[in-house]
Amino acid sequence: MEEQPPRHGRVVLVPCPFQGHLNPMLQLGAILHSQGFSITVVHTKFNSPNPSCHHEFTFQPIQDCLSPDEISSGNLVAILLALNCNCKTPFQECMTWMTQQQKPDDRVTCIIYDELMYFAEAAANHLKLSSLILCTTSVATAQSRVAIRQLKEEGCIPWPDSMSQDRVPNLHSLRFKDLPVSIFGVPDNFLDLISQTYNARTSSAVIWNTIDCLEQSSLEQQQRRYRPIPIFPIGPLHKFAPVSSSSLLNEDTSCITWLDKQPCNSVLYISLGSLASIDETEVAEMAWGLANSWQRFLWVVRPGSIPGSEWTESLPEGFREIVGGRGCIVRWAPQKEVLAHPAVGGFWSHCGWNSTLESISEGVPMICTPCFGDQRVNARYASYVWGIGLQLENKLERKEIEMAIRRLMVDSEGEEMRHKAQNLKEKVEICIKEGGSSYNNLKMLLEFMSF
Ligand code: UDX
């Protein structure tokens, strides 16, 4: 993008307080800041971002009133509904205060909120400010969430086991088992969240962290649905944003030194993101599958991701000795740097949307183990639509894991997926270069926001 942009107004960002949502919102903030906008991040106290990683932003906390029980429940849908209810008044008060204090040359011009933080829209309307939505999951996910409501009304949800492999009408690539239902099934509060998120909105535009070359036909359908509200697909945001970290956990950079010593394409990187957990039995199966595959690996075991363990205590006895220097285990990695490292030849992922975009952007093929929600949709796209991954469909079992790792890292099948992943990476590079779709859409967004 152009150098030395003129100064524009102040944009207020309202991120959803989970890692997979904070990252794209702060990346968008960094892009807008580099283009002359001042940025204020209004955030909940729960999972608050670290201001010291973004000196260029102003941070403004608001009360979220989440109880410790709500936070520890792990019920994301309930937490999101509570946040939308609890934050509405504090946010409105905060915005009123901000607009009263503002100087004429530093006025709030718009609010950009995560699609799940819809409480921000009401405050924007109240203050007669324009608002824009940031969608941090794929378009296919948005479409399948909307379809869930209708399928439920038609009595197709819950579906019998015998229908799991059947295609969902009007969502051609997805099977029923790929639908992004929550871990708690489809309770009324999930439908409520979907309705609130995808019902007619009054915001003036939608910014989407996706890429035309990945989701062209879904984007066209969505554009028709939202018309006249424009959609700006400007992903992958991390490729436009100046490099900075918005990790809620400390990144262990020692794994990069370890990667530096490994041969090209030899390491399988393993991470299940910031929310998913796995039980002790699954961990043991993963560990033995890895050990028996005889491949090198870098494994992120997030503290608390194995219920009942603080960190890696529940790894099977003898595992570390057997794998020796072939494996490296960390609590949290600088993932984008890891995926861009030449030693990394595969990514065993839960297929969160950010991880999927980051893997595609570096041309790394995947083993897909979706845990819940939109991860199922992304895994299906990675394996079936884009052909850059293989999906572990059944219960985690060591023999199947060992075979999947060898298929990806050693066999010609993996080589073919690596080739397709490289092709897709090149397409993404074209989209973000001058004249490419994301580049042009970003330019149009900046023009849209400058009026
Ligand atoms: C959640 C949902 O689970 C996901 O499905 C949805 O699409 C977004 O919100 P999460 O599970 O954390 O996100 O997955 P993902 O979207 O992949 O985001 C994780 C982020 O954390 C990525 O940007 C990744 O780079 C980063 N990360 C992960 C690290 O920086 N270090 C790590 O060790 C692991």
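Cut-offs used in this document
- Residues numbered from 1 in each chain as written.
- Predicted model: local features only at pLDDT ≥ 70, side-chain atom pairs only at ≥ 80, totals over all residues.
- Helix = DSSP H or I, 4+ residues; strand = E, 2+ residues; numbered from the N terminus.
- Rg over C-alpha atoms; globule rule 2.2 N^0.38 Å.
- Buried ≥ 20, exposed ≤ 12 C-beta atoms within 10 Å, placed from the backbone.
- Near = placed C-beta within 6 Å.
- Nonpolar A, V, L, I, M, F, W, Y, C, P; charged D, E, K, R; others polar.
- Pairing = 2+ DSSP bridges.
- Axes fitted to C-alpha atoms, helices over the stretch in contact; angles between N-to-C directions.
- Contact = placed C-beta atoms within 7 Å.
- Core = buried A, V, L, I, M, F, W, Y, C linked by C-beta atoms within 7 Å.
- Domains from an automatic or database assignment.
- Expected span 1.5 Å × (residues − 1).
- pLDDT = per-residue confidence, 0-100.
- Parallel < 35°, antiparallel > 145°, perpendicular 65-115°, else oblique.
- Left-handed = near helix turned anticlockwise from the far one by under 90°.

**Q** Tell me about the overall build of the protein chain, and name the residues and values.
**A** When its secondary structure is counted, the protein chain shows 18 helices and 15 strands. Its C-alpha radius of gyration of 22 Å places the protein chain within 12% of the 22 Å reference for a compact globule of 451 residues. Dimensions of the protein chain along its principal axes, counting C-alpha atoms only, are 65 × 55 × 45 Å. Out of the 451 residues in the protein chain, the part that is buried amounts to 44%.

**Q** Account for the site of the ligand, naming residues and giving values.
**A** Contacts to the ligand come from 25 residues, most closely from Gly20, Gly273, Gln335, Gly352 and Ser355. For the shell around the ligand, the secondary-structure elements that each account for two or more residues are helix H1 (19-34), helix H13 (335-339), helix H14 (353-361) and helix H15 (374-385). When the residues that make up the shell around the ligand are grouped by side-chain class, the tally is seven nonpolar, 15 polar and three charged.

**Q** Which residues make up the sheet that holds strand S3 (residues 58-62), and what values go with them?
**A** Within the open sheet, the seven strands sit side by side as S3-S2-S1-S4-S5-S8-S9. Their pairing is parallel. At either margin of the open sheet sits one strand with a lone partner, and together these are S3 and strand S9 (231-233). Sheet twist, expressed as the average angle between the axes of neighbouring strands with direction ignored, equals 25°. Along the sheet, helix H4 (residues 88-101) makes contact with strand S2 (38-44), S3 and strand S4 (108-114), crossing S3 at roughly 140°.

**Q** Give me the nonpolar core: which residues, what numbers.
**A** Grouped burial of nonpolar side chains is what soluble globular proteins tend to show. By size, the foremost hydrophobic cluster in this structure holds 122 residues, and its most contacted members are Ile112, Ala120, Ile207, Tyr269, Leu298 and Ile367. The greatest single-element share of this core, amounting to seven residues, is contributed by H1. Residues from two domains meet in this core; each of domain 1 (10-245 + 434-449) and domain 2 (253-429) gives at least three.

**Q** Quick rundown of the environment of Cys328? Include the residues and the values.
**A** Turning to its location among the elements, Cys328 is positioned in strand S12 (residues 327-330). A residue is classified by how many C-beta atoms lie within 10 Å of it, and Cys328, with 22 of them, is buried. Dropping the residues within four chain positions of it, Cys328 is found in contact with Cys255, Trp258 and Leu298.

**Q** Outline H1, listing residues and values.
**A** With 16 residues, H1 should reach 22 Å at 1.5 Å per residue; the first-to-last C-alpha distance of 22 Å fits that figure. Taking burial as the measure, the 16 residues of H1 include twelve buried ones, the bulk of the element. One or two steps after H1, the chain reaches Gly36, where phi turns positive at roughly 105°.

**Q** Summarise helix H6 (residues 139-153); cite the residues concerned and give the values.
**A** Given a rise of 1.5 Å per residue, 15 residues ought to cover 21 Å, and the 22 Å separating the end C-alpha atoms of H6 matches this to within 8%. Residues of H6 that are buried include every one of Val139, Ala140, Thr141, Ala142, Ser144, Arg145, Ala147, Ile148 and Leu151, and no others. One or two positions beyond H6, positive phi appears at Gly155, with a value near 80°.

**Q** Can you explain unusual backbone geometry? Please cite residues and give values.
**A** Backbone phi values are negative for most residues with the exception of glycine, while trans is the configuration of most peptide bonds. At the junction of Arg227 and Pro228, the peptide bond is cis and its omega measures out at 10° in the coordinates. Assignment of secondary structure puts Pro228 in the loop between helix H8 (212-226) and S9. With omega at -5°, the peptide bond leading from Gly235 into Pro236 counts as cis. Among the secondary structure elements, Pro236 is positioned in the loop between S9 and helix H9 (237-240).

**Q** Tell me about the confidence of the model for the protein chain, and name the residues and values.
**A** The pLDDT averaged across the protein chain works out to 94; a share of 98% of its residues lies at or above 70. Overall fold confidence (pTM) sits at 0.97, and the ipTM for the predicted complex is 0.98.

**Q** Tell me what's going on with the domain arrangement of the protein chain, and back it up with residues and numbers.
**A** By domain assignment, the protein chain separates into domain 1 (10-245 + 434-449) and domain 2 (253-429). The centre of domain 1, based on its C-alpha atoms, is set 27 Å off from the matching centre of domain 2. Taken together, the contacts link 25 residues of domain 1 with 23 residues of domain 2. At the level of elements, H1, H6, strand S7 (171-175) and H9 are the ones that each hand at least two residues to the side of domain 1 that touches domain 2. Per-element tally for the side of domain 1 that touches domain 2: the top contributor is H1, with four residues.

**Q** Describe the sheet that holds strand S11 (residues 296-300), naming the residues involved and giving the relevant values.
**A** With parallel pairing, six strands are arranged side by side in an open sheet as S12-S11-S10-S13-S14-S15. Among the strands making up the open sheet, the edge pair consists of S12 and strand S15 (389-391). Shown here is a sheet whose adjacent strand axes are inclined to one another by a mean of 15°, direction ignored.

**Q** Just give me the short version of the packing of helix H16 (residues 398-409) against helix H17 (residues 412-432), but keep the residues and values in it.
**A** One way to put it is that H16 packs onto H17 with a least axis distance of 5 Å and a crossing angle of 55°. It follows from the interaxial angle that H16 and H17 lie oblique. In this structure, H16 contributes Arg407, Leu408 and Met409 to the contact, and H17 contributes Glu413, Gly414 and Met417. Residue composition of the contact of H16 with H17, by class: three nonpolar, one polar and two charged.

**Q** Give me the packing of H6 against H15: which residues, what numbers.
**A** Where H6 contacts H15, the two axes come as close as 9 Å, and the packing angle between them is 125°. Accordingly, the angle class assigned to the pair H6 and H15 is oblique. Crossing handedness for the pair H6 and H15: right-handed. Between H6 and H15, the residues in contact are Ala140, Thr141 and Ser144 and Asp374, Val377 and Tyr381, respectively. Considering only residue class, the contact of H6 with H15 consists of three nonpolar, two polar and one charged.

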